[in-house]
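Structural overview for review
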Amino acid sequence: MIEPLSRPAGGGEAVRLQGESNDEPQCHQGELGPQPTVELELLGGFALRTDGRELQPTVGARRLLALLAVEPNGMTRSRAAAVLWPQLDPARAGAALRTALHRLPGERAHLVDSTPERLRLAPHITVDLVERRAVAAQLLNLALPMGAEELSRAISCELGTDLLADWEEDWLSHHQVRWRQLRLHALEALSARLSEAGWAGAAVDAALVAIHSDNLRESAHETLVAAYLAAGNQIAAHAYRISYRELLQRELSAAAPGLWSNLPAAPDRPGGRLRRLN
């Protein structure tokens with residue numbers, strides 16, 4: 001895994017190397033070799049692989065690829081330069097962008113679609129964030145039923161990991177918050193779907209992953225209690241509700257939400273009458 005970033009890259013990225021031309025090397029499609037399989041990972045940390053081989057881009061190249069990955073429609077060159085190097089004047093920011101493009105590993109056209117005005121991540125690149133967003137959207141579409149195969153695939157997805165968690169970038173922060181909220185809602189929806197499917201253990205585990213990500217998230221704790229109740233574990237649900245109330249009183253000096261006492265219990269048997277846990 002590549003070392004995390006703690007601050008935006010400094011002016012060093014903006015300095016053109018001695019003897020380096022202002023013109024970027026032009027890549028023509030006919031000159032490119034076979035298109036490789038390119039995988040870009042942003043969840044947890046940055047990783048770039050081509051045909052299974054991990055590459056080590058420069059800091060500037062990493063930041064550029066990450067920006068284009070979270071902006072799937074691409075952006076103008078001037079906008080990308082201003083976002084990535086806001087502390088620099090436009091001329092030096094543009095030079096930093098050209099340097100980052102020049103230092104992309106391998107064939108640049110395999111990673112970035114570029115025109116004189118715009119940049120976009122190459123469409124054949126597989127991005128883990130894009131794939132996980134699609135899974136989350138499916139989980140949250142409650143009108144769409146999910147079978148055993150789809151649930152198994154959702155369980156295997158990494159929904160417990162934040163977007164480039166160790167990167168501190170102003171341009172990235174709102175993407176991090178958006179993904180964090182999406183994945184937490186998706187984990188809660190996954191737990192509910194698994195409970196309905198009778199996968200009690202997996203339902204509890206999905207709720208626990210959400211709680212681990214945000215220990216004070218009320219809906220995640222409610223989801224866990226609901227999973228216990230759906231599995232028929234009345235005592236576990238009752239004990240957990242007490243422990244959560246104690247957590248709130250200790251951390252927030254507040255009472256637990258009243259909704260908790262209204263959660264329905266699971267039936268004693270299929271078709272049985274629901275009881276409430278008081």
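Summary of the structure given here. All values reported here derive from a predicted model rather than from experimental measurement.

**As for the environment of D170**
- Along the chain, D170 falls in helix α6 (residues 170–196).
- The spatial distance from the C-alpha of D170 to the C-alpha of V83 is 8.6 Å, given a sequence separation of 87 residues.

**With respect to the nonpolar core**
- In this structure, L40, L42, L139, L163 and W171 are the most contacted members of the largest nonpolar core, which totals 73 residues.
- Tallying contributions element by element places α6 first for this core, with 9 residues.
- When neighbours within four sequence positions are excluded, W171 is seen to be in contact with R63, A66, L67, V70, V83 and L84.

**What about the environment of A137?**
- Structurally, A137 can be placed in helix α4 (residues 128–140).
- Considered as a pair, A137 and H185 are 48 residues apart in the sequence and their alpha carbons are 9.8 Å apart.

**Thoughts on the pattern of salt bridges**
- Taken as a whole and assessed by the stated rule, the structure comprises 7 salt bridges.
- The partner of R120 in a salt bridge is D113, with the nearest N and O atoms 3.1 Å apart.
- Since its relative accessible area comes to 30%, D113 is described here as partly exposed.
- Measuring nitrogen to oxygen at the nearest pair gives 2.6 Å for the salt bridge that ties E188 to R217. Here E188, found in helix α6, pairs with R217, found in the loop between α7 (200–213) and α8 (218–230); they are 29 residues apart in sequence, far enough to count as distant. Across the pair, R217 and E188 agree in class, each one buried.
- Put simply, D162, R180 and R183 are held in one network by salt bridges that share partners.

Quick notes on the rules
Residues numbered from 1 in each chain as written. Predicted model: local features only at pLDDT ≥ 70, side-chain atom pairs only at ≥ 80, totals over all residues. Heavy atoms only, no water. Helix = DSSP H or I, 4+ residues; strand = E, 2+ residues; numbered from the N terminus. Core = buried A, V, L, I, M, F, W, Y, C linked by side-chain atoms within 4.5 Å. Buried < 20%, exposed > 50% of the residue type's maximum accessible area, 1.4 Å probe, protein only. Contact = heavy atoms within 4.5 Å. Salt bridge = Lys/Arg side-chain N within 4 Å of Asp/Glu carboxyl O.

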